[in-house]
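Next come the chains, spelled out residue by residue.
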Amino acid sequence: MKRFLTIFCAIAFSGAALSAQNNADTIRVNRNESDTLVIIVKEKQSVDRQAKKEQRLAEKAQRPAYMINVGYNRGYRADIELSWADKSVWGITSSHGFSFGNGLYVGGGAGFGAELTKKAKTPESNWNASYLVPVFADIKYSFLNTLATPFVSLKGGAVADITNKGIRTFANPAVGLDIARFSLKVGYEYQLGFWGHLDGEHIHNIKLGVAYTF
């Protein structure tokens, strides 16, 4: 009788098992202590998701380094930036920090710059140079996880004029475009002097920059 019940249950469940094959990766039939058939169905949906995820990762790994938008890579990140601002202020800076894997980057850095001013009342094209050392915090957000994506950023900190002995604070909001590992941006920079020959001086600049992310 027990064998007959087992065979009957197997026939009854066979239809359900066959219909489940469309959504199943594997079907296992086990017999427990009561000789009851147990059908374990592993959904293909979860397996397909995992397979697609692995395929995307493999395709991303095969792309050349210059084709990768590192703004969405979680972990340590660094860049080097060349900039120009009004009044012939040239600079090079490097920022180091952490990328959260969702487009947000938080870090800080330092750099070196030169402010070129033409000598007054001289027929020759001679220039004076004031050398600058900026130290800053850096926040950036890239909007999309694509090869080319717009972003917004904010740098803020202090600049030391080591030639004329003065210090000023600055804030530099900007917008731009990430293209693979390169970034192009334009922003507004406000500076306020609070020590030395810069004390009380207000400076307003339009600032352009191009950066490469490691």
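All figures in this text were calculated on a predicted structure; none of them were measured in a lab.

Student: Explain the environment of Ala-171 to me, and be specific about the residues and the numbers.
Tutor: By the element assignment, Ala-171 lies in strand β8 (residues 166-179). For the pair Ala-171 and Tyr-188, spaced 17 residues apart in sequence, the C-alpha to C-alpha distance is 8.2 Å. The residues touching Ala-171, leaving out its near neighbours within four places in the chain, are Lys-155, Gly-156, Tyr-188, Glu-189 and Tyr-190.

Student: Tell me about empty space enclosed by the protein, residues and numbers included.
Tutor: Going through the model one piece at a time under the given rule, you end up with 3 cavities of 30 Å³ or more. Roughly 290 Å³ of volume is contained in the largest cavity. Taken together, 26 residues form the lining of the largest cavity, with Ser-83, Val-89, Pro-134, Glu-189 and Lys-207 sitting closest to its centre. Going through the elements one at a time, β3 (75-85), β4 (89-99), β5 (104-118), β6 (127-142), β7 (148-161), β8, β9 (182-196) and β10 (202-213) are the ones with two or more residues in the lining of the largest cavity.

Student: Quick rundown of the packing of aromatic side chains? Include the residues and the values.
Tutor: Given two aromatic rings, one states the distance between the centres and the angle between the planes to describe the pair. One pass over the full model with this rule turns up 6 aromatic pairs. Judged by centre distance (5.4 Å) and plane angle (90 degrees), the ring pair of Tyr-141 and Phe-143 falls under edge-to-face. Seen in terms of ring centroids, Tyr-212 and Phe-214 are 5.6 Å apart; in terms of plane orientation they differ by 85 degrees. Their pairing is edge-to-face. The structure contains a cluster of three or more aromatic residues connected by ring pairs, namely Phe-182, Tyr-212 and Phe-214.

Conventions and cut-offs
Residues numbered from 1 in each chain as written. Predicted model: local features only at pLDDT ≥ 70, side-chain atom pairs only at ≥ 80, totals over all residues. Heavy atoms only, no water. Helix = DSSP H or I, 4+ residues; strand = E, 2+ residues; numbered from the N terminus. Contact = heavy atoms within 4.5 Å. 1 Å grid on protein atoms, 1.4 Å probe; cavity = no way out; pocket = protein on both sides within 12 Å on 5 of 7 lines; lining within 4 Å. Points joined across faces, edges and corners; volume = space filled by probe spheres on them. Phe/Tyr/Trp six-rings, centres within 6.5 Å; stacked < 30°, edge-to-face > 60°.

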